[in-house]
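Structural features, examined
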Amino acid sequence: MKSSSAIASGEQAVRRRRMPVAVIVLSVLLACAATTIGVVSCVTEKVSSDLLDKEMTCCWEDGATPAWMSDRMGVRIPDTASDRRAGHKVGERYDTGLLSFVLPTDEAETYTGRLIQDGTEMIRNFHPEENDYRPAAAFGHLGLAEPETFVQGLRRISLCPDDLATPEGKYLQRCIDLFAHEFTPGTTRIYVRSTIEPSVTPPPASKLP
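Here's a quick rundown of the structure. (Residues numbered from 1 in each chain as written. Predicted model: local features only at pLDDT ≥ 70, side-chain atom pairs only at ≥ 80, totals over all residues. Heavy atoms only, no water.)

1. Remarks on the overall build of the protein
A tally of helices and strands in the protein yields three helices and six strands. When its helices and strands are written in sequence order, the protein yields α-α-β-β-α-β-β-β-β. Scored against the burial criterion, the 209 residues of the protein give a buried share of 34%. Sequence separation of at least 24 residues holds for 63% of the intrachain contacts in the protein that already meet a minimum separation of 6. Carbon and sulfur atoms make up 57% of the accessible area of the protein, which totals about 13100 Å². (Helix = DSSP H or I, 4+ residues; strand = E, 2+ residues; numbered from the N terminus. Buried < 20%, exposed > 50% of the residue type's maximum accessible area, 1.4 Å probe, protein only. Contact = heavy atoms within 4.5 Å. Areas by Shrake-Rupley, 256 points an atom, 1.4 Å probe, with all protein chains shown as cover.)

2. Here's the deal with the pattern of salt bridges
Evaluated as defined, the whole model comprises seven salt bridges. The residue glutamate 168 makes a salt bridge to arginine 114 at a minimum N-O spacing of 3.9 Å. With glutamate 168 in the loop between β4 (154-159) and β5 (176-184) and arginine 114 in helix α3 (residues 105-115), this residue pair connects regions lying 54 residues apart in the sequence. Among the residues examined, glutamate 168 registers a relative accessible area of 8% and is labelled buried. Residue classification places arginine 114 among the partly exposed residues on the basis of a relative accessible area of 37%. Linking glutamate 146 and arginine 193 is a salt bridge whose minimum nitrogen-to-oxygen distance equals 3.7 Å. Taken as a pair, glutamate 146 in the loop between β3 (123-124) and β4 and arginine 193 in strand β6 (residues 187-196) lie far apart in primary sequence, 47 residues in all. Side by side, glutamate 146 and arginine 193 carry an identical accessibility label, which is buried. Among the charged side chains, a network of salt bridges with common partners joins Arg76, Arg114 and Glu168. (Salt bridge = Lys/Arg side-chain N within 4 Å of Asp/Glu carboxyl O.)

Printed below as a string of structure tokens:
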């Protein structure tokens, strides 16, 4: 009996010694797995970041002045507008035009009212995008935040030239997304984004004011 008890006790002692070893091995394996996942995640984030940077900087045409873009869109810029900016990005299927300028808020109200059909109103941005939102053709290229991320003071609307017989709408050449953002009291920035057919004559290859 004593011999059997001694053997049993010895086996239990061996099992007790083996368990910590198993726990250590499992911990090491889990740590290796976590490290591998972390490395893969970092690499994935780096690749995504590089692709985003490339997308942000690629394929912008030189010479896309506000006046040139205004003509292509059919969006007339008021004489009193300041801080005029524009960009033209070449895409695989369609190009994208960007136009932006600043007006006193009362003039911006008059201007958008002359674009929009009677009975139609610009809507507020009740579902803003996150601050890191970057569309394929971002206003960030012009040194501006994306209007889709604003909540306070932003109104938006989409317009097409079909039967838009308003004082300013009759000049419209293509469909646009129009944003008006009162970024400080009494001052509003107008943002316009439009899809442009690749067949449109590219802007002159020079950077003009």
